[in-house]
Amino acid sequence: MYHLLELNHTSFLLGLGLVAALRAGNMKEITYKELLKLPLDSYTLVDTRDEGSIQYGTIPGSLHIEEEELNKEMESYALTLSPGKKLVLFCQNGIHTMALQEELEKRGRDAYSLEEGYVSYLRFLIENEKDEETREKAELSIRKKFHKELFTPFAKECNVFF
């Protein structure tokens, strides 16, 4: 058991080293919030996760091209996939698409890896859901607190007018 934990810890540290090395290169990342600021027709979003992961959801409007397929046909995709548009690649957590992004850049494409991948999209949804819930609760609280002060004089004036 100890050796397994040690191996996982070592693999984790090697993974962090890989991420640091990739980010030190020509790595171009974009956050989901930055992506939302771009015009929809200026980029193509590509989900590189496997079919099993896609079953749990994807970012609306994205194309599905698995990482293995993209690696295998890199030259073809670099030339033919949405010419003139930015390519924004995403995987589950943003790590696998780093190398793909660099390869596409080497082939002359304006490519980005979505920082933190599909997880960043989910986080954005959760944050906005909380904001919406907070807003709704605040509105309800204000309505309850000021209902009599605002509505009662209004109702009295309506009765006088009609």
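What counts as what
Within each chain, residues carry numbers counting from 1 in the order of the written sequence. Whole-chain, interface and lining totals are the exception, using all residues; otherwise, since this is a predicted model, local features are given only for residues with pLDDT of at least 70 and side-chain atom pairs are given and counted only at 80 or more. Here the side-chain values reflect all heavy atoms present in the structure, with hydrogen atoms and water set aside. Exposure categories follow from relative accessible area, calculated using a 1.4 Å probe and restricted to protein chains: below 20% of the type maximum is buried, above 50% is exposed, and the middle band is partly exposed. Labels follow the DSSP assignment, with helices taken as runs of H or I lasting at least four residues and strands as runs of E lasting at least two, numbered in each case from the N terminus. For two strands to count as paired, DSSP must find a minimum of two bridges between them. Crossovers are described as right-handed under a simple rule: with the strands pointing away from the observer, the path leading from the first strand over the helix to the second runs clockwise. Any pair of N or O atoms that falls within 3.5 Å is considered a polar contact. Within protein, one atom must be able to donate a hydrogen and the other to accept it, and sequence-neighbouring residues count only if both atoms are side-chain atoms. Pairs of residues are marked as contacts when any of their non-hydrogen atoms sit within 4.5 Å. Side-chain atoms within 4.5 Å link the members of a nonpolar core, which is a set of buried Ala, Val, Leu, Ile, Met, Phe, Trp, Tyr and Cys residues. Lines fitted to the C-alpha atoms define the axes, with helices restricted to the stretch that makes contact. Angles between their N-to-C directions range from 0 to 180 degrees. Working definition: a ring pair exists when centres of Phe, Tyr or Trp rings (six-membered ring for Trp) sit within 6.5 Å. Plane angles under 30 degrees give stacked, over 60 give edge-to-face, the rest tilted. A positively charged side chain is recorded as over a ring if its NZ (Lys) or CZ (Arg) lies within 6 Å of the ring centre. The angle to the ring normal must also be within 35 degrees. pLDDT: the predictor's confidence for each residue, scored from 0 to 100.

Draft legend 1. Examining the pairing of strand E5 (residues 111-114) more closely. With burial as the criterion, each face of E5 is covered, one bearing Ala111 and Ser113 and the other bearing Tyr112 and Leu114. Pairing of strand E1 (residues 29-30) with E5 involves 2 bridges; the strand directions are parallel. Counterpart to Glu29 in the pairing with E5 is Ser113. Relative to E5, strand E4 (residues 86-90) is paired through 3 bridges, and the arrangement is parallel. In the strand pairing of E5, Leu89 is matched with Ser113. Handedness of the crossover is the feature at issue here: the chain leaves E4, passes through helix H6 (residues 96-106), returns alongside E5, and the resulting connection is right-handed.

Draft legend 2. Main features of the pairing of E4. Burial within E4 is extensive, with 4 of its 5 residues counted as buried. Bridge count between strand E2 (residues 43-47) and E4: 5 bridges; the pairing is parallel. Among the inter-strand pairings, Leu45 is bridged to a residue of E4, identified as Val88.

Draft legend 3. The arrangement of the side chain of Thr44 in detail. With respect to the element layout, Thr44 can be found in strand E2. A polar side-chain atom of Thr44 sits 2.6 Å from a polar atom in the side chain of Ser82. If we ignore the near neighbours within four places in the chain, the residues touching Thr44 are Leu63, Ser82, Lys85, Lys86, Leu87 and Val88.

Draft legend 4. Representation of the nonpolar core in the model. One finds Tyr32, Leu35, Leu45, Ile59, Val88 and Leu114 to be the most contacted residues of the largest nonpolar core, which totals 13 residues. With 3 residues, helix H7 (residues 117-161) is the largest single contributor of residues to this core. For Ile59, the residues in contact, after removing those within four places along its chain, are Tyr32, Leu45, Phe90, Leu114, Tyr118 and Tyr121.

Draft legend 5. Summary view of the sheet that holds E1. Here 5 strands make up an open sheet; going across it, the order is E1-E5-E4-E2-E3 and the pairing parallel. Strands at the two margins of the open sheet, each flanked by one partner only, are E1 and strand E3 (63-64). Where H6 meets the sheet, it contacts E1, E4 and E5, and its direction lies at approximately 175° from that of E5.

Draft legend 6. A look at the packing of aromatic side chains. With the rule as written, the count across this model stands at 4 aromatic pairs. An aromatic cluster is built from Tyr32, Phe90, Tyr118, Tyr121 and Phe124, whose rings are joined through pairwise contacts. For the cation-ring pair, Lys28 lies above Tyr112, with the distance from its terminal atom to the ring centre recorded as 4.4 Å. Here the guanidinium or amino end of Arg49 rests over the ring plane of Tyr118, the centre of that ring lying 4.2 Å away.

Draft legend 7. Expanded view of the confidence of the model for the protein. A residue-level look at the protein finds 74% of positions with pLDDT of 70 or above and a mean pLDDT of 81. Predicted confidence is poor over residues 1-14, with pLDDT under 50, and the contacts of this stretch with residues over four places away or in other chains come to 0 contacts.

Draft legend 8. Region of interest: H6. Restricting attention to buried positions, one finds in H6 the residues Thr97, Met98, Leu100, Gln101, Glu102 and Leu104. Phi turns positive, to about 90°, at Gly108, one or two residues after H6.

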